[in-house]
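Structural characterization, general
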Amino acid sequence: MSLEKKQKVYILSIETSCDETALSFVTASGGLEKPKFEVHGDVVASQIKLHQPYGGVVPGLAKRAHLENLPLLFKEIVDKIVVDSRLRGNDKEKGGNDNAGEADFMNRVDFITVTVGPGLEPALWTGIEFAKELAAKYGKPLVPTNHLEGHLYSFLVSKDVDSRLRGNDNAGIFPAIALIISGGHTILLRMDDLTHFKKLGETVDDAVGEAFDKVARLIGLPYPGGPEIERLAKDGNPMAIDFPRPMIGHKNYNFSFSGLKTSVLYYIRDLTKAGKSIPKADIAASFQKAAADVLIKKTLRAVEEFGAKSIMISGGVSANRTLRALFTEAIEKKFTLKKDRPLLIVSEFSTDNALMIAVSGYIDYLRGKKYKIEANGDLNL
Ligand code: KG4
Ligand code: ZN
């Protein structure tokens, strides 16, 4: 079914690529020039507790949890929207049954968008099948979208950015350097505008979030390790241990985090052999600083090379407040004149969520970009 280009569209978005089941209901308008989003419902069911005993995400368990969560979250959104609209007195059929509520809600939806990759395929399929069923039942178009685009575009739903962008048609932020740092990816991109971007580099081994998770496990912290490392690092000295900064001096924009994780492993092993105690907080702080140094150095070098006006960091690791502060500090140090300083943009929607999927679905819809409606674990940007 072809989508007619409406001024304002109501989007239902679905995300199940990893261990968060998430749905959102959003109004999007403004087109590619001035995309604007109004959030009516946004729900996430985290599976952290489920996977914690295993120290990481177990795909089969994730799949089962998504299957259980999807109808519950969908009902939560339907109920909220139907109740909200009844309160506003917009609804003709008061006190209808559940199906009437669902049908009434789906009447408002212009299209459904769902993550098709990258991620865990058994998990991705649950969202795709759920979306396909709803689309078929109510005759709605389905827009498959890319999880990485979701992270990349998550800045568009950031409150802070929204108010700063409204005045200048997005022009003040491009060209931009975007850094996607999550549990599965570490990618640096140059963005010339919303739809033209080029990958500059990426990790050649572990993603930075993966390194946080693995180092956390080495010092006995639970999954997901990122927030735990950040918390523990506050009690430690980031200069205590001189962990390597892999590829920091390389001319390219690639990253490597596996060697850094291995040096943490060796450091702990050597101390254990010598019968010494393990300075966990110092390890957390020093590891976090080493990882941040590499990310910041390469990002700022790209800013300089391409004359970028902004830096957009997204993905779960960008939730790290220490990293954000280090970025701000490094920007001020490198660009001493305020007028030369790139704007640091960090969405508050950094970990997996469905709002970012509504945003990338909207952009794919506007561009007529068509991914296959099937799970693709390795889908790239
Ligand atoms: O974007 P995300 O929710 O899922 C993926 O697409 O992978 O990212 C999850 C990753 C995990 O590795 C988690 O440890 C990390 O983001 N993370 C953090 C923080 N919060 C989440 N890493 C460092 N500091 C944090 N505060
Ligand atoms: Zn993600």
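Residues numbered from 1 in each chain as written. Chains lettered and ligands numbered in written order. Predicted model: local features only at pLDDT ≥ 70, side-chain atom pairs only at ≥ 80, totals over all residues. Heavy atoms only, no water.

**Some points on the packing of helix α7 (residues 208–218) against helix α8 (residues 225–233)**
- It is the contact of α7 with α8, at a shortest axis distance of 7 Å, that shows an interaxial angle of 65°. The element α7 and its partner α8 pack so that their crossing is left-handed. Of α8, the residues touching α7 (which contributes F212, D213, V215 and A216) are G225, G226 and I229. (Axes fitted to C-alpha atoms, helices over the stretch in contact; angles between N-to-C directions. Helix = DSSP H or I, 4+ residues; strand = E, 2+ residues; numbered from the N terminus. Left-handed = near helix turned anticlockwise from the far one by under 90°. Contact = heavy atoms within 4.5 Å.)

**Let's talk about the site of ligand 1**
- Contacts to ligand 1 come from 21 residues, most closely from G183, D213, E230, G316 and N320.
- Between ligand 1 and G183 there is a distance of 2.8 Å, counted from an oxygen atom to a backbone nitrogen or oxygen.
- When ligand 1 sits alone it has 560 Å² of accessible area, and the protein chains cover 90% of it.
- Applying the majority rule of atoms within 2 Å of the grid points places ligand 1 in the largest pocket.
- Among the secondary structure elements, those contributing two or more residues to the shell around ligand 1 are α5 (147–153), α7 and α8.
- The element best represented in the shell around ligand 1 is α8, accounting for four residues.
- When the residues that make up the shell around ligand 1 are grouped by side-chain class, the tally is five nonpolar, 13 polar and three charged. (Near = heavy atom within 4 Å. Polar contact = N/O pair within 3.5 Å; in protein donor to acceptor, adjacent residues only side chain to side chain. Areas by Shrake-Rupley, 256 points an atom, 1.4 Å probe, with all protein chains shown as cover. 1 Å grid on protein atoms, 1.4 Å probe; cavity = no way out; pocket = protein on both sides within 12 Å on 5 of 7 lines; lining within 4 Å. Sits in = over half its atoms within 2 Å of the grid points. Nonpolar A, V, L, I, M, F, W, Y, C, P; charged D, E, K, R; others polar.)

**A look at the UniProt feature "binding site: substrate" (unreviewed entry) in the chain**
- What UniProt calls "binding site: substrate" (unreviewed entry) maps, in this numbering, to I180, I181, S182, G183, G184, D213, G226, E230 and N320. Checking the annotated residues one by one, the ones that line the largest cavity turn out to be N320.
- Positionally, I180 belongs in strand β6 (residues 176–181).
- Using a relative accessible area of 0% as the deciding quantity, one classes I180 as buried. (UniProt positions renumbered as here; feature names shortened; annotations may be inferred. Buried < 20%, exposed > 50% of the residue type's maximum accessible area, 1.4 Å probe, protein only.)

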